Amino acid sequence: MRHRRSGGSAAIVAGLLLLAGCSAVPAEKSAGTPGIGVTAQKDAVPFESASISLDELVPTPAPRTISIAGIVSAMPVEAHGLDERGQMSLPRSPFVAGWYEYASAPADDSGATVIASHVDALGEGLGPFSQLREVAAGTQIEIVDEEGARHTYRVVTVERISKEVVPWGEYFSTAGAPRLVLVTCGGEYDPAVGSYEDNYIVTAEKVS
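Residues numbered from 1 in each chain as written. Predicted model: local features only at pLDDT ≥ 70, side-chain atom pairs only at ≥ 80, totals over all residues. Heavy atoms only, no water.

## Re the nonpolar core
In this structure, I66, I68, I115, F129, I141, L180 and L182 are the most contacted members of the largest nonpolar core, which totals 21 residues. Only β5 (63-68), β6 (72-80), β8 (97-100), β12 (140-145), β13 (150-162), β14 (179-190) and β15 (195-206) provide two or more residues apiece to this core. In terms of residue count, the dominant contributor to this core is β6 (three residues). Excluding residues within four positions of it along the chain, L180 makes contact with I66, T113, I115, I141, I143, Y153, V202, T203 and A204. Judged by nonpolar contacts, the second largest core, of 15 residues, contains V114, V166, W168 and Y171. (Core = buried A, V, L, I, M, F, W, Y, C linked by side-chain atoms within 4.5 Å. Buried < 20%, exposed > 50% of the residue type's maximum accessible area, 1.4 Å probe, protein only. Helix = DSSP H or I, 4+ residues; strand = E, 2+ residues; numbered from the N terminus. Contact = heavy atoms within 4.5 Å.)

## A few points about the pairing of β6
Summarising the sheet, β5 and β6 pair through three bridges and their orientation is antiparallel. Paired with T65 across the bridge in β6 is P76. One ladder, built from four bridges, connects β6 with β8; its direction is parallel. Residue pairing across strands places A79 opposite W99, the latter belonging to β8. (Pairing = 2+ DSSP bridges.)

## Let's talk about the packing of aromatic side chains
Counted according to the given criterion, the structure contains five aromatic pairs. When the ring of W168 is compared with that of F172, the centres are 5.8 Å apart and the planes differ by 70°; the resulting orientation is edge-to-face. Each residue in the set Y100, Y102, W168, Y171 and F172 is aromatic and connected to the rest through ring pairs, giving one cluster. (Phe/Tyr/Trp six-rings, centres within 6.5 Å; stacked < 30°, edge-to-face > 60°.)

In structure tokens, the structure reads:
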């Protein structure tokens, strides 16, 4: 489902959605060391999400690749929604990113385009988003959508936040200036619970 707000007020979805853990190794297969993470339901962090009423939806191009200067060129991006457990689904490979299709898209004139990826996976190692912690303010990010249009962003903030306190409603908001939000896991790996303790979140302003 791809959408653009064409006017009017957003309809707020009742209840909470969940962002899945951002590592692609099942808990029972985890190596139990930093750099190898898990997909575990206990990793999920709630966030509030705004949706648009059906009469306000028109087609909008989905992102297809993301390039981050000094990190990755043309990383594939897939549209993802929620899985059967109400969590944001993600591509299994850390070398493919997922765009949350119920929030904003790059061509929209407001709101956050949210793209997330696993930090690592057993057999594949660390993915490009593992380097988000090293991104500096001012770094250029480019998204190419399915119609070939290029959207350029400039990094404003890089934050490391405990999963227990991430204000997801702010990052997934469809209001405000158009912007890009990138999410992955990070911080210390806790083998006792099978997860990373934090999220790295990059916010970038749209340039063109």
